[in-house]
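# Close look at the chain arrangement
Given next are the chains, with one letter for each unit.
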Amino acid sequence: MIATFWVVERGPWPGQDGADVDGVQSAADIIAVIERRLFSGEAAAEDRTRYRIACATIERAARKIGTPVAHVDATDLLAWFEGQPLRTVHTPTEVAEFAQTSAAALHGSGGFGKAVAAATRKALAAQAGLVITVEPSYLGSADVVRSDTRPPRPVASRVVEANPELAELLDGVERSADDVFASDRWRLRSTQRLREQIRLAVATGEPLPIGMQAKHEVLTEAFRELHHPGAPSGMIRLLYAAHGAESPPFRFGPLPARPYRGTKVLSVGLMSIRHTEADAEVSGYWFRNRLVSVPGRSQAEDEAYCYRDSVPRLHRLADEGVTDLVVRHTGYEPAAIGFYRAVAEVIRERDLRVQPQYLIGARGVVAGTPWPRVADV
Amino acid sequence: MAEHRQKQQTLSRWQPLTRDRLVRTARHLPNEQDLADVQRQFEHPIPDAWKSWVLECGQVSGFGRALLGLRARGRDNGDREDALDVLMLLRLTEPTFPRDLLPLEVLPDRQVQCVVVAADRSSKVVLIDLDRVELRHEAGVELADFVYEWRADLHAMSSVVSEIAGRTDSDAYTLLRPDEWSTRRLCSQNVIVALLQTRHNRDSNERDVAVFAVAHLSAFAPGAPVRWALTTILTESYQAGGSLAVNFVRRSRARGGGLGYDRQRTEGRGQRIPGPIMRWAKSHGVQLKFGSTGWDHQTGERLLLAATLLPDSMRELLPTTTVPVATVCAAVATGAWPALDTEIVLRWAEDPVRILTGVVQQDDRVRYLADQHLLRTALILSSLDRHLRKADQASASDEDDTTRSLVVDIRSTQHGSIDVTSTVVTFTSPDGAPLLIGWPVLNGSFTPAPTMRVSVLALQTDLLAMVGSDYLSAIGPIDALIVPADALARRRELTEFVGAALKTGTCVLAAPDYTTTMDVAIAARLDQARMSRQ
């Protein structure tokens, strides 16, 4: 397959004057709206259909009114963009961002990356939109730029290298999960197995499979151990085994110590609907189930949604003076990982403590290790 | 003394049966005189295994089923018919009933399980249909195996009934998680083909099976119930994201002595791989260890490969690809991907797993477009395949069972710069009959022949007008070039392309589907594939 880059100067694009003969302007408006919905997790199945039709409209228009500026091998392009979505429509205001993204993704691809960079420069110079179309390769293939090499890994995981030394350091990390799951043989065994898997993932640079063995509370506690004051810093690749989808690497490292205040406490459940018996005991739910468990989305994308959704809301809580957030777990590993990914990021700079609570069989509600722990101070 | 010891050892094989609380044995057992009455009906000696069984158990029954056995004549033993009664009745009313069969169990729909009385004195058990007595389906290599499996079937039914009886109203509204025991039956019309009780074991990341019972009816293709049940278990293992390793286990009763079963717990003790699976696996070239309580992932993969209905070309292809066997088999077995489409994806796609698991979202548009183009071609070729197979019938609906045989060769090599999705595919009729296709022809007419070399250009009309002529000069002579139905509505734009095709002697056929309808179908199929693993 061949990917053709088209510079489309006057669609007209949104904000430009002129008759929208080819439907570019209205299609671009639709794409913008649906991309916002996709980002917020509110896109319905119909939205995806409309998105597909709108993109096809602009791609057809590009072939009609645009100027081809580069023909590259689509398979090579996709290999360099592995693990990162690649849109076909970039409005004039989005081209600069695409130039940056593509430069990062194609870093190390030599002439191939230069061809794409030249195409984006032409679009930038003309303040035009950039549209990529995909055609079968019986178009005259002579001027098609190909890449001699292919990257070994998806874009997001290229930053994670095999690190056996770091894996060894993880052995010395404080094992707080053992206190939380004391006398629960199944969870202790599961935690120990997960620790070994984490060590292997760090040592080899291969992804840690999520979702098949360790449950959300075990994952939360094992990841919490990686944030103790004595823990080393690093990253782990995460792969959601059910969908085979890899999410961005999980960063870990010691969390800064903070004095305990506990002046304003908020109690929430992690995800609505899943444990309605807890409704009376919490002030509300952090995630709406409908927005997390969206049909047609991989678990890695669910996790990304939970992370994106949580970061600004945690900041807002800190702004409101909330010092302690008690979170009752309700299951679903992507939601838990996305949430604590955001927690680990936000509490580095904000005065906020998150106290997990797990519902464990006959033991009832069990308090997990707080992020950060009081004893960390 | 030695003879006595040997007799004791032989008899001890039936002890589990006599001690089983679910199975009732006769109060009064037959004697040698009763056996002699039966022996007089046969030319060859009755198998020793059958004799020892009736001497120890007489007649057995349980859970609505009964093995005929032999009753003690002249004693008050109820009025249940035994093997001799049924044998005499069958010989009287069914003149074609074979002379070497001794009835063991009478089943509905004129099916009878019988012990073969042959010169070799083995106690082989067969299932026959009284309307087609010449066909014998093996039901057990020897009587001991058959009785063991019969007893296991009773326990399976008892277990399922106890579970259902123990359910509360709220259970009916609770969606089971993969790691909770689920009980289900596989049915074909009004016949229960198999009973299964399975769960994903989160601790071992493997599949646990507590109940595996299949029906043996002569109307089924040999081994079909086992194949179906096995495919169900293994595809569920795949979809639960676990390995294909399976363990056969016993479950514990609910704590507190309730009627139902504990949703989570099993006893540590396993149970043997059911005999029907052992026999089916052996006949399909997969050796399972006798007495084993399960199999590992690699064996599970081999079983799933054997159980999935794949064309020979796919079986040859699979070992040469890096695509996991389980992914392909689960895609075909669940019906998410027809076999021909799957083979096209495997042979032509740069990343087949990406397509078969539907991981690409529509907002990852460049990747999606590449996959969509390949799938449009696959849909058109599948449609052509279906129409050619049903060409002499009223419709090409999948509900029509009978199809003509057809050989599809998609192994042709790529032609230089021609895109792989336009590789020439050959359809051949093995019986030499011409291949009929009623699709509209854009230029001239189509002459049916026993072999048809076709290529597909699954493009919108504007692209087709742009590249069609270049393509024709590169591909060389073929019988038909297939384009989407879009071309019918916009023929004027394709005048040059259609004229060029006429010059090269290539017939341009319009498929029934438009690119837009194909794209909708592709989106739905990718969504289904994407969500099939939970």
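Bear in mind that the values here come from a model prediction, so they are computed numbers and not experimental data.

Rules used throughout
Residues numbered from 1 in each chain as written. Chains lettered and ligands numbered in written order. Predicted model: local features only at pLDDT ≥ 70, side-chain atom pairs only at ≥ 80, totals over all residues. Heavy atoms only, no water. Helix = DSSP H or I, 4+ residues; strand = E, 2+ residues; numbered from the N terminus. Buried < 20%, exposed > 50% of the residue type's maximum accessible area, 1.4 Å probe, protein only. Contact = heavy atoms within 4.5 Å. Areas by Shrake-Rupley, 256 points an atom, 1.4 Å probe, with all protein chains shown as cover. Lys, Arg positive; Asp, Glu negative; His and termini not counted. Charge placed at Lys NZ, Arg CZ, Asp CG, Glu CD. Pairing = 2+ DSSP bridges. Axes fitted to C-alpha atoms, helices over the stretch in contact; angles between N-to-C directions. pLDDT = per-residue confidence, 0-100.

Before going further, it helps to examine the overall build of chain B. Looking only at helices and strands, one finds 19 helices and 18 strands in chain B. Counting only residues that meet the buried cut, chain B has 52% of its 534 residues in that class. The contacts of chain B with a sequence gap of at least 6 include a subset with a gap of at least 24, amounting to 60%. When the accessible area of chain B is evaluated, it comes to approximately 24300 Å², of which 51% is carbon and sulfur surface.

So, on to the overall build of chain A. Tallying secondary structure elements over chain A gives twelve helices and twelve strands in all. For chain A, the C-alpha atoms occupy an extent of roughly 70 × 45 × 35 Å along the three principal directions. Put simply, chain A has 377 residues, and 56% of those count as buried. When contacts within chain A are restricted to residue pairs at least 6 apart in sequence, those whose partners lie at least 24 apart make up 74%. Counting only carbon and sulfur atoms, one obtains 53% of the accessible surface of chain A, whose full area is about 15700 Å². Of the charged side chains in chain A, 45 are positive and 47 negative; the average position of the first set lies 1 Å away from that of the second.

What follows concerns the sheet that holds strand β18 (residues 507–510) of chain B. Hydrogen bonds between backbone atoms are what pair the strands of a sheet, whose relative direction is either parallel or antiparallel. All names here are of chain B. Pairing is mixed across the open sheet formed by five strands, whose spatial order is β14-β15-β16-β17-β18. Here the strands that pair on one side only, and so sit at the sheet edges, are β14 (407–409) and β18. Neighbour to neighbour, the strand axes of the sheet diverge by 30° on average, direction disregarded. In this structure, strand β15 (residues 425–428) lies alongside strand β16 (residues 451–456), joined through four bridges in antiparallel fashion. Following the sheet pairing, V425 is matched in β16 by V454.

A few words on the environment of R251(A). All names here are of chain A. Structurally, R251 is set in strand β7 (residues 245–252). Assessed through its relative accessible area of 59%, R251 is described here as exposed. Not counting residues up to four positions away in its chain, the partners in contact with R251 are H227, G234 and M235.

Glancing now at the confidence of the model for chain B. Confidence in the prediction of chain B, expressed as mean pLDDT, is 84, and 89% of residues score 70 or more. Predicted complex, confidence summary: ipTM 0.79, pTM 0.78.

Moving on, we come to the pairing of strand β5 (residues 111–116) of chain B. Residues and elements named next belong to chain B. The element β5 is extensively covered by neighbouring structure, given that six of its six residues are classed as buried. Taking every second residue as pointing to the same face, both faces of β5 are buried, with Q111, Q113 and V115 on one and V112, C114 and V116 on the other. As paired elements, strand β4 (residues 101–107) and β5 share six bridges and run antiparallel to each other. Within β5, the position partnered with L101 by the bridge is V116. Adjacent in sequence and paired antiparallel, β4 and β5 are bridged by three residues, among which D109 carries a positive phi angle near 55°. Of the pairings in the sheet, the one linking β5 to strand β6 (residues 125–129) comprises five bridges and is antiparallel in character. Along β6, the bridge assignment pairs V112 with I128.

Residue and element names in this part refer to chain A. Taken together, three strands build an open sheet; the order of strands is β5-β6-β7 and the sheet is mixed. Looking at strand neighbours, the two that pair on one side only are β5 (208–210) and β7, the edges of this open sheet. For this sheet, the mean inter-axis angle between neighbouring strands, taken without regard to orientation, is 35°. Pairing analysis gives three bridges linking β5 to strand β6 (residues 234–240), with the strands arranged parallel. Paired with L208 across the two strands is L238, which belongs to β6. Helix α12 (residues 333–346) contacts β5, β6 and β7 of the sheet and is inclined by roughly 35° relative to β7.

Residues and elements named next belong to chain A. Residues G11 and P12 are joined by a peptide bond in cis, for which omega reads 5°. Between W371 and the following residue, P372, the backbone shows a cis peptide bond with an omega angle of -15°. In this fold, P372 is placed in the segment after β12 (364–367). Of note, Q127 is a non-glycine position whose phi angle comes to about 50°, a positive value.

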